[in-house]
Amino acid sequence: MSEASNHSNSNPQPEAKPQMDDALAESAAQATSDPAAAAVTDPLADAQAELANLKAQNADLADQYLRAQADVQNARRRADDEIAKARKFAVEGFADSLLPVLDSLEAGLAIPNVTIEQIREGSEATLRQLKSALERNKVVEINPPAGTKFDPHHHQAISVVPAEQEANTVVTVLQKGYSIAERVLRPALVTVTAPK
């Protein structure tokens, strides 16, 4: 009987163990198949993962911001350098084109015992050089012919005179004007016809 009781006592325990393993496996399967149950089971790990993700995004955005700031500062510095150089050397080309005019004037003054005809020829040649230098630098003269409609943007009326031509037109040019790249440097001084 003791053998039977031992045998009967040992039998229920092995049968209980498989039932327990089945219950654990079933609860684990429920936990993995149910996402809500999985989320409830480990909220700390989820929060830590989200925090790590946000920290990585923050670091990436901070790096992008710093790079953008550096690019803006570099672009501003380059633009400031270019503006400073443009201001410093703005007249370089213009001055270079005037140097032959200066050379001609000096050469003309260096000739001893010059005649009036030679002075006139030298002055005309120097004037041609000067006009050419101005034209190369887009300095254009404003010299309206008689009868041109008065334009207050390009002309300055010195006086109004009676004339046979249409009213408010140029009669004579007292002093030529000049413009550079379509911007008036000096308006032409003109007399205009009086209204009838």
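Residues numbered from 1 in each chain as written. Predicted model: local features only at pLDDT ≥ 70, side-chain atom pairs only at ≥ 80, totals over all residues. Heavy atoms only, no water.

Asker: Lay out the sheet that holds strand β3 (residues 170–175) in plain terms, naming residues and giving numbers.
Answerer: Read across the sheet, three strands follow the order β2-β6-β3 without closing on themselves; strand pairing throughout is mixed. Either end of the sheet is taken by a strand with one partner, and the two such strands are β2 (155–161) and β3. Averaged over all adjacent pairs, the angle separating strand axes in this sheet is 30°, with direction ignored. Across six bridges, the pairing between β2 and strand β6 (residues 188–193) is parallel. In the sheet register, Ala157 faces β6, and the bridge partner there is Val190. (Pairing = 2+ DSSP bridges. Helix = DSSP H or I, 4+ residues; strand = E, 2+ residues; numbered from the N terminus. Axes fitted to C-alpha atoms, helices over the stretch in contact; angles between N-to-C directions.)

Asker: Report on unusual backbone geometry, specifying residues and quantitative values.
Answerer: Positioned with a positive phi, Ala181 is a non-glycine residue whose angle comes to about 50°. Along the chain, the position of Ala181 falls in the loop between β4 (177–180) and β5 (183–186). Judged by its relative accessible area of 56%, Ala181 falls in the exposed class. Backbone geometry places Glu182, a non-glycine residue, at a positive phi of 70°. On the secondary structure map, Glu182 appears in the loop between β4 and β5. Judged by relative accessible area, Glu182 falls into the exposed class, the value being 80%. (Buried < 20%, exposed > 50% of the residue type's maximum accessible area, 1.4 Å probe, protein only.)

Asker: Hey, could you go over the pattern of salt bridges for me, with residue numbers and the actual values?
Answerer: When the charged atoms of two side chains lie near each other, side chains of opposite charge can form a pair. Under the criterion given, the structure shown has three salt bridges. Across the pair Arg120 and Glu124 runs a salt bridge, and its minimum N-O distance is 3.4 Å. Here Glu124 and Arg120 lie together in helix α6 (residues 116–136), a separation of four residues that amounts to about one turn. Judged by relative accessible area, Glu124 falls into the partly exposed class, the value being 37%. As a salt-bridge pair, Lys176 and Glu141 come within 3.5 Å of each other at their nearest N and O atoms. Here Lys176 is found in the loop between β3 and β4, whereas its partner Glu141 is found in strand β1 (residues 139–142), with 35 residues between them in sequence. (Salt bridge = Lys/Arg side-chain N within 4 Å of Asp/Glu carboxyl O.)

Asker: So, the layout of surface pockets: which residues are in play, and what are the values?
Answerer: Estimates place the volume of the largest pocket at around 270 Å³. Forming the boundary of the largest pocket are 13 residues, of which Gly108, Leu109, Ile119, Gly122 and Ser123 lie nearest the centre. The element contributing the most residues to the lining of the largest pocket is α6, with seven residues. (1 Å grid on protein atoms, 1.4 Å probe; cavity = no way out; pocket = protein on both sides within 12 Å on 5 of 7 lines; lining within 4 Å. Points joined across faces, edges and corners; volume = space filled by probe spheres on them.)

Asker: A description of the sheet that holds β5 should follow, citing residues and the corresponding values.
Answerer: On the basis of which strands lie adjacent, the open sheet formed by three strands has the order β1-β4-β5 and antiparallel pairing. The open sheet terminates on both sides in strands that have one partner only, identified here as β1 and β5. Taken pair by pair, the neighbouring strands of this sheet meet at an average axis angle of 35°, ignoring direction. Here β1 pairs with β4 via four bridges, running antiparallel. Residue pairing for β4: Val140 is matched across the bridge by Ser179.

Asker: Can you lay out helix α5 (residues 92–110) for me, pointing to particular residues and giving the numbers?
Answerer: Taking 1.5 Å as the rise per residue, α5 with 19 residues should run 27 Å; its terminal C-alpha atoms sit 27 Å apart, in good agreement. In the structure, α5 departs most strongly from a straight axis at Leu98, where the bend amounts to approximately 30° and where the proline Pro100 lies between one and four residues downstream. (Expected span 1.5 Å × (residues − 1). Bend = angle between axes of the 7 residues up to and from the residue.)

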